[in-house]
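Listed below are the residues making up each chain.
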Amino acid sequence: MALSGGVDSSVSAALLQKTGYDVTGVFIKVWQPDFLPCSWREERRDAMRVAAKLGIPFLTFDLEREYKRDVADYMIREYKAGRTPNPDVMCNKYVKFGAFYKRAHGLGADFIATGHYARIKTNNLQPTTYNLLTAADKAKDQSYFLWTINQKVLSHTLFPIGGYTKAQTRKIAKKLKFPNWNKKSTVGICFIGKINLKE
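Residues numbered from 1 in each chain as written. Predicted model: local features only at pLDDT ≥ 70, side-chain atom pairs only at ≥ 80, totals over all residues. Heavy atoms only, no water.

Novice: Now, about the layout of surface pockets: what can you tell me, with residues and values included?
Specialist: Here the idea is plain: a probe the size of a water molecule rolls over the atoms and shows the empty space left. For the second largest pocket, the calculated volume is near 410 Å³. In this structure, the second largest pocket is lined by 19 residues; those nearest its centre are Asp22, Thr24, Ala109, Asp110 and Phe111. Residue assignment for the lining of the second largest pocket shows that the elements contributing at least two residues are strand E2 (58–62), helix H4 (87–106) and strand E3 (112–113). (1 Å grid on protein atoms, 1.4 Å probe; cavity = no way out; pocket = protein on both sides within 12 Å on 5 of 7 lines; lining within 4 Å. Points joined across faces, edges and corners; volume = space filled by probe spheres on them. Helix = DSSP H or I, 4+ residues; strand = E, 2+ residues; numbered from the N terminus.)

What follows is the structure, given as structure tokens:
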């Protein structure tokens, strides 16, 4: 389970555990520009607290190189060329469902899971085909950031909160007494948040 320190991934981990999965929390450390305050240590602490509360193993994957190359450098390159980049799509393609998937799979994981608001369903006519669907909460749907995930990775991916609303997710976190139950949602660029793009 990609455990970011936020409420969505925390509840996702709890739901997986409740369903009977053997869950390991994984914090993904990424590159950050020097001019931004360092927030990854605080986020990692929040993720560790949730893992401790759930009694699950906790790992940290350092994916700084992949993030810098495939997300940050790509974004800067596209802006310089006069095009509008989509760093969240590239972050999902190369970091979360690329490097994270490969490393987790290499360690023996059957599935990876994230706190994305999206759903996966097998096709009734072709049971080996996986369809990426919008989330139950249309206001929080993130499926449009996930369109690059291929069938192989989709077949080994879980989105535990895809059928929930954000309000329901927070309610579950509060009931479980997670320390981050009312933590503010992040906005902006994947992992980094809001930044001044000229900088």
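Novice: Give a detailed account of the nonpolar core, specifying residues and quantitative values.
Specialist: Grouped together as the largest cluster of nonpolar side chains are 27 residues, with contacts concentrated most on Ile28, Leu63, Val95, Phe97, Phe100 and Ile149. At the level of elements, strand E1 (25–29), helix H3 (64–80), H4 and helix H5 (151–154) are the ones that each hand at least two residues to this core. If you tally residues by element for this core, the top one is H4, at nine residues. Excluding residues that lie within four positions of it along the chain, Leu63 makes contacts with Ile28, Lys29, Val30, Val95, Ala99, Phe100 and Arg103. If you look at the next biggest cluster of nonpolar residues, it comprises 22 residues, including Ala47, Leu54, Ile56 and Ala113. (Core = buried A, V, L, I, M, F, W, Y, C linked by side-chain atoms within 4.5 Å. Buried < 20%, exposed > 50% of the residue type's maximum accessible area, 1.4 Å probe, protein only. Contact = heavy atoms within 4.5 Å.)

Novice: Tell me about the packing of aromatic side chains, and please be specific about residues and values.
Specialist: The description of an aromatic ring pair rests on the distance of the ring centres and on the angle between the ring planes. What the rule picks out here adds up to four aromatic pairs. An angle of 75° between the planes, with centres 6.1 Å apart, marks the rings of Phe97 and Phe159 as edge-to-face. With Phe97 in helix H4 and Phe159 in the loop between strand E6 (157–158) and helix H6 (166–175), this residue pair connects regions lying 62 residues apart in the sequence. Each of the two residues, Phe97 as well as Phe159, counts as buried. Note on Tyr144 and Phe145: the rings are 4.4 Å apart at their centroids and 40° apart in plane angle, and the pair reads as tilted. Judged by relative accessible area, which is 49%, Tyr144 ranks as partly exposed. By relative accessible area, Phe145 is classed as buried at 19%. The lysine or arginine in question, Lys29, covers the ring of Trp40, its NZ or CZ lying 4.7 Å from the ring centre. Over the face of the ring belonging to Trp31 we find Lys68, whose NZ or CZ atom lies 5.2 Å from the ring centre. (Phe/Tyr/Trp six-rings, centres within 6.5 Å; stacked < 30°, edge-to-face > 60°. Lys NZ or Arg CZ within 6 Å of the ring centre and 35° of its normal.)

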